[in-house]
Amino acid sequence: NIKWEETTTYNVGIDYGFINNRITGTIDAYYRKTDDLINFIPVPAGTNLTNMLLTNVGDLENRGIEFSIEGRIISKTDLSWKVGFNATYNENKITKLTATDDPNYLGVFTGGISGGVGNTIQIHSVGKPASSFFVYEQVYDANQKPIEGLYVDRNNDGEITGDDRYHYKKAAPDVFMGFNSMLNYKEWDFSFGGRINLGNYAYNNVWSSGATLNNLYWSTGYMNNVPSNTLDTRFQNPEFFSDYYVKNASFLRLDNISVGRTFKNLYNEKMDIRLYGTVQNVFVVSQYKGLDPEVGN
């Protein structure tokens, strides 16, 4: 009896325009609920071979505000310039994962990582954002350097176990932004577009799996590819589940720049030709020191 999930969205918005619609845009507030997400849930012993049932049971909520504005800054025969900007603030929360409330149910582990067998670094839990990081709280020395293997005993039972892992940050940003511009002067055109993400975090798996002193050399004696973080932590062995590796990955990315020229009325006014050059992925500004702050998982 498994079926597709269902999503219901409520929204209210305003479209606006000023100065003879040279400035236009929208403001929109929304609430989106997704029901019947599929999950494995525990069932009474003997019900089936695994005591787990795959069924429609999960619920997820998204709510937020969207804003956009576009302006025709210059609008003349030989010269025009348009700019645009949009922003979205979104809150995401899982509201249900099991058929009945179970305070002992941690959630669905996700976010597989390199290193070890079957290790995951994220979790879907009720009351938390989807794909929250699930890690140990790192302890630091007086110089703010992480201490290898030392974590906060969050449940105060005198030992560090899986019960001391906690929900810390999330991969999805709180705010998305986009911007673009197009300038035309006679036969010439110039445009660019980019994006900004704020409040998104990434797990640096390159550091966690390879930035250790025991990974400096191959067994043959030749030096390995050494991540830059190795001498910052001086960990002898990997510490996969430390929150130290969950880093702020907010960024500004300029996606593209394009410059072109249009040659009109060629071949007895039968043809126009536009020659242009485009640069993709121009630059990224971010505090994140990994390969890319916009990783897919």
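Structure shown above.
Read on for an overview of the structure. A quick note: this is a predicted structure, and the numbers were derived from the prediction, not measured.

**Here's the deal with the pairing of strand β11 (residues 175-185)**
Note: strand β4 (residues 79-96) against β11, eleven bridges, orientation antiparallel. Residue pairing in the sheet places Trp81 in a bridge with Leu183 of β11. Bridge analysis of β11 against strand β12 (residues 188-198) gives eleven bridges, and the strand direction is antiparallel. Counterpart to Val175 in the pairing with β12 is Leu198. Between the end of β11 and the start of β12, which pair antiparallel, lie two residues, with Lys186 showing a positive phi angle near 50 degrees.

**Description of the sheet that holds strand β6 (residues 120-124)**
If you walk across this open sheet you meet the four strands as β5-β6-β7-β10, and the pairing is antiparallel. At either margin of the open sheet sits one strand with a lone partner, and together these are β5 (108-112) and β10 (166-170). Neighbouring strand axes in the sheet, compared pairwise and without regard to direction, differ in orientation by 45 degrees on average. Sheet topology note: the strand β7 (residues 132-135)/β10 ladder contains four bridges and is antiparallel. Along β10, the bridge assignment pairs Phe133 with Tyr168.

**Digging into the packing of aromatic side chains**
Summed over all chains, the structure comprises eight aromatic pairs. Ring geometry for Tyr10 and Tyr31: centres 6.4 Å apart, planes at 25 degrees, overall stacked. Here Tyr10 is found in strand β1 (residues 6-18), whereas its partner Tyr31 is found in strand β2 (residues 23-42), with 21 residues between them in sequence. With a centroid separation of 5.7 Å and an interplanar angle of 40 degrees, the aromatic rings of Tyr16 and Phe18 are classed as tilted. What links up through ring pairs into an aromatic cluster is the set Phe179, Phe190 and Phe192. The positively charged end of Lys247 is found above the aromatic ring belonging to Tyr244, 3.8 Å away from the centroid.

**Some words on a nonpolar patch on the surface**
Nonpolar side chains collect at one region of the surface, where Ile73, Trp81, Leu183, Tyr185, Trp188, Phe190 and Val259 lie side by side and expose about 620 Å² of accessible area between them. Those elements that place two or more of their residues in the nonpolar patch are β11 and β12. With respect to the helices and strands, Leu183 occurs in strand β11. On the basis of relative accessible area, Leu183 is assigned to the partly exposed category, the value being 31%.

**Some words on the pattern of salt bridges**
All told, the structure shown has eleven salt bridges when counted by the stated rule. Arg154 is the salt-bridge partner of Glu137, the closest N and O atoms lying 2.5 Å from each other. Of this pair, Glu137 sits in the loop between β7 and β8 (138-140) while Arg154 is found in the loop between β9 (146-151) and β10, placing the two residues 17 residues apart along the sequence. For Arg154, a relative accessible area of 41% puts it in the partly exposed group.

Rules behind the numbers
- Residues numbered from 1 in each chain as written.
- Predicted model: local features only at pLDDT ≥ 70, side-chain atom pairs only at ≥ 80, totals over all residues.
- Heavy atoms only, no water.
- Pairing = 2+ DSSP bridges.
- Helix = DSSP H or I, 4+ residues; strand = E, 2+ residues; numbered from the N terminus.
- Axes fitted to C-alpha atoms, helices over the stretch in contact; angles between N-to-C directions.
- Phe/Tyr/Trp six-rings, centres within 6.5 Å; stacked < 30°, edge-to-face > 60°.
- Lys NZ or Arg CZ within 6 Å of the ring centre and 35° of its normal.
- Patch = residues over 30% accessible without salt bridge, like charges linked within 9 Å, V, L, I, M, F, W, Y side chains within 5 Å.
- Areas by Shrake-Rupley, 256 points an atom, 1.4 Å probe, with all protein chains shown as cover.
- Salt bridge = Lys/Arg side-chain N within 4 Å of Asp/Glu carboxyl O.
- Buried < 20%, exposed > 50% of the residue type's maximum accessible area, 1.4 Å probe, protein only.

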